[in-house]
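Take a look at the letters that make up each chain.
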Amino acid sequence: MPRLTGLFDSFDNLDQISMEAIASWLKPVPQLNQLEDYLANKILYPQAISLTEPDMQIDLSILREALRMNGPKPGFQKNNALLGDNPFLNVTLRKILIPVKFLNFVPDLMSLTLVFIDALLLSREKKDYFQDLWTIVLTNNIDEIVGSILLPQFDGSGGVMNLELQSKNYEIRQGNLMLVPCPKDRCEIAYKLQKGKLLGKKENAFEIYGGKLGLVIDGRSA
Amino acid sequence: MKHLAPLRMRVEKDVITRVARVLVGKGVLNVSVGQQVTPPEIIGMATISAGFRTLDLSTLLSVSPQEVEKLLVKKIGQRIYKGELLAFKKGWLIGGKKVLTSPTDGVLDFLNNKTGELKIAFLPKKVNLPAGVYGIVEVVDKERGQVIIRTQVTRIYGMFGSGRSRDGILHILGKKDGLISKSAIQTEYDDCVLVGGSLFFKDAISACISAGVNGIITGGIDAKDYKGMAGGRLVFPKKLDNDIGTSIVVCEGFGSVPIGTDIFEILSGYEGKFVFIDGNKALISLPSPLSSSLVKIKNTKLPELQNNDLILDVGQIKGDLELKSGLKVRVVGNSYLGEQGKLVAINDSLTLLPSGARDYLVTVETARRKIQVPVANLEIMV
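Bear in mind the structure is a predicted one, so any value in this text is a computation, not a measurement.

Reading the values: the criteria
Residues numbered from 1 in each chain as written. Chains lettered and ligands numbered in written order. Predicted model: local features only at pLDDT ≥ 70, side-chain atom pairs only at ≥ 80, totals over all residues. Helix = DSSP H or I, 4+ residues; strand = E, 2+ residues; numbered from the N terminus. Contact = placed C-beta atoms within 7 Å. Buried ≥ 20, exposed ≤ 12 C-beta atoms within 10 Å, placed from the backbone. Core = buried A, V, L, I, M, F, W, Y, C linked by C-beta atoms within 7 Å. Pairing = 2+ DSSP bridges. Axes fitted to C-alpha atoms, helices over the stretch in contact; angles between N-to-C directions. Domains from an automatic or database assignment. Nonpolar A, V, L, I, M, F, W, Y, C, P; charged D, E, K, R; others polar.

**Brief notes about the overall build of chain A**
No. 1: Of the regular secondary structure elements, chain A holds 5 helices and 12 strands.
No. 2: For chain A, long-range pairs separated by at least 24 residues make up 65% of all intrachain contacts whose partners lie at least 6 apart in sequence.

**Some details on the environment of aspartate 348 of chain B**
Residues and elements named next belong to chain B.
No. 1: Relative to the elements of secondary structure, aspartate 348 occurs in strand E26 (residues 340–352).
No. 2: The class for aspartate 348 is exposed, based on 7 C-beta atoms found within 10 Å.
No. 3: Taking the C-alpha atoms as reference, aspartate 348 lies 8.5 Å from leucine 361; in sequence the two are 13 residues apart.

**Quick look at the nonpolar core**
No. 1: Among the nonpolar cores identified, the biggest contains 137 residues, and Ile96 and Phe116 of chain A together with Leu194 of chain B are the most heavily contacted of them.
No. 2: By size, the runner-up hydrophobic cluster in this structure holds 9 residues, among which are Leu55, Leu86, Leu108 and Ile120 of chain B.

**Section: the sheet that holds strand E7 (residues 168–173) of chain A**
Residues and elements named next belong to chain A.
No. 1: Spatially, the 4 strands line up as an open sheet ordered E7-E6-E9-E11, and their pairing is antiparallel. One side of each edge strand has no neighbouring strand; the edge strands of this open sheet are E7 and strand E11 (203–209). Each adjacent strand pair in this sheet contributes to an overall mean axis angle of 25°, direction not counted.
No. 2: Bridge analysis of strand E9 (residues 186–194) against E11 gives 7 bridges, and the strand direction is antiparallel. By the bridge assignment, cysteine 187 is partnered in E11 with isoleucine 208.

**Observations regarding the domain arrangement of chain A**
No. 1: Here chain A is partitioned into domain 1 (1–70) and domain 2 (84–218).
No. 2: On the domain 2 of chain A side, the residues contacting the 9 residues of domain 1 of chain A number 12 residues.

**Quick word on the pairing of strand E16 (residues 165–172) of chain B**
All names here are of chain B.
No. 1: Counting buried positions over the 8 residues of E16 gives 6, a clear majority of the element.
No. 2: As paired elements, E16 and strand E22 (residues 274–278) share 5 bridges and run antiparallel to each other. Along E22, the bridge assignment pairs isoleucine 169 with phenylalanine 274.
No. 3: In the sheet, E16 pairs with strand E18 (residues 192–195) via 4 bridges, with the strands oriented parallel. From the neighbouring strand, histidine 171 faces E18, where its bridge partner is leucine 194.

**Some words on the interface of chain A and chain B**
No. 1: Across the boundary between the two partners, chain A contributes 25 residues, which contact 30 residues of chain B.
No. 2: Every element with two or more residues in the side of chain A that touches chain B is listed here: helix H2 (32–44) and helix H3 (53–70) of chain A.
No. 3: Here the side of chain A that touches chain B gets 8 residues from one element, more than from any other, and that element is H2 of chain A.
No. 4: Partitioning the side of chain A that touches chain B into residue classes produces 14 nonpolar, 5 polar and 6 charged.

**Digging into unusual backbone geometry**
No. 1: Cis geometry is found at the peptide bond from lysine 27 of chain A to proline 28 of chain A, where omega equals -5°.
No. 2: Summarising the element assignment, proline 28 of chain A is placed in the loop between helix H1 (19–23) and H2.
No. 3: Located in the positive-phi region is serine 167 of chain A, a residue other than glycine, with phi close to 65°.
No. 4: Along the chain, serine 167 of chain A falls in the loop between strand E6 (160–165) and E7.
No. 5: Assessed through the 5 C-beta atoms surrounding it within 10 Å, serine 167 of chain A is described here as exposed.
No. 6: Notably, aspartate 191 of chain B is not glycine yet its phi reads approximately 70°, a positive angle.
No. 7: Assessed through the 14 C-beta atoms surrounding it within 10 Å, aspartate 191 of chain B is described here as partly exposed.

**Brief notes about the environment of valine 257 of chain B**
Residues and elements named next belong to chain B.
No. 1: For valine 257, the position within the fold is in the loop between strand E21 (247–254) and helix H5 (261–268).
No. 2: Residue classification places valine 257 among the buried positions, given that 24 C-beta atoms sit within 10 Å.
No. 3: Each C-alpha atom of the pair valine 257 and glycine 338 lies 6.8 Å from the other, and the pair is 81 residues apart in sequence.
No. 4: Non-local contacts of valine 257, meaning those with residues more than four positions away in its chain, are made with Ser198, Gly219, Gly220, Glu252, Leu337 and Gly338.

Structure (structure tokens):
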């Protein structure tokens, strides 16, 4: 039987995902046995695409958990340094790697990027402040940089980040997420944080990668 | 623009193939290579060695274990037949009367007074092996008690399944979209192959195993139940064979999905007839009921067998084919799963679906409605 390409082709352990974990991303929460049948049909008919918005939400939830399950494991680098990083997250180069074929099934790049952030970055233990900045790369025969992610670290409640990009000012409050357009290859930003730090500093200016997505600022992590 | 879709073999009519008929125990085969056989012809006889069955009479009669012995109608050591009175408890005005009959032929072997459990030893039984098909005997393997017969069958390819190759009389339980629960499974379905509707519940599958049902054909199954019988994994195509005591072929997918009309119509024509089912290969073989098939069987040569082993070359996906109006198609995925119909139109431009995805839409005319589905969610039926 030839394999047909699909959103979940990159994973061979989808059947091991817990239904409770998938359901935790969904509102309203569907019945777990229906969710299990849905996932099983995705494995059986990998080429099929979702027709409805609720089905797309389930697909994105499955993808979050699949990425999480197949993301970098603690201690991996220590034991297998030669093998480098994970297919979806290069920790050394701080890149999120999104296979371009995923866009055939989830055309909204922002939704797809959010899934990768939720699965791979949000609950990730940060070992140094360089992990506050990630580059988003669409992987194919030729990779394409489409933007950057900033993860400001707020100290407590009520943190605010003021950002200036291409002469425009933006305010990002703690717990919020914002997409700022930044279509150039490289964009200069300047920021100032109240009750928090980014890249170890309260205030700084530097260049980031831009692209067709832009700059994602995720203030949701504590 | 050219749109391709996978070509799925669902039904293959009048195929010359080999089937294996195997004795259920030690016995004799009374056919020879080259012999022509007909379905009722007895080609061997086996003796099933004795086993036993334990009945918890204390629970069944609702009495203490010590009281069981005096309620037995037969004494230990006596022979009893299936359906014969085994134990009787008088009731009162408000009820409590209990009548127990023997579930099997056997000898009352032992009663445990501490637990109230009765052991019935089975009587050794002689079982005839009918040919089941019109065909020509190709191999007689006396060591394995197996006869391989060249015959003509109609093959049905399910999507997936579980269980080794078995056979039995086909019985259709109801409509193609019915839900099959435990209450639908009766003891007389022993050795049958049951055709359900859109879903066999777990308790129905368990009841089939208890009743000695040889096979189950269904449109859908719950993923959890299938995982339970396939070693906890969902891997397609399957890498490891497994067996839970009955063979299951699932024709459509997971959840409640009616059996496709193409398959159900053919199965309906085989009600009460002898069929083969191989769950691990997701294959159902329906032997030709016509004696005239012997002409084709005689004139068809098959590749040589190796080590007398029956290895079937089965596959469902036969490559891709260009989608064209008039083709018979089947919908896959989680919306409209298993619906079948005729492709009537293909859109020229991409459509933005409510999910946010984009694809070319096609219009499919089913038996009761017209639906629009993306090209990616179609299979061409053969």
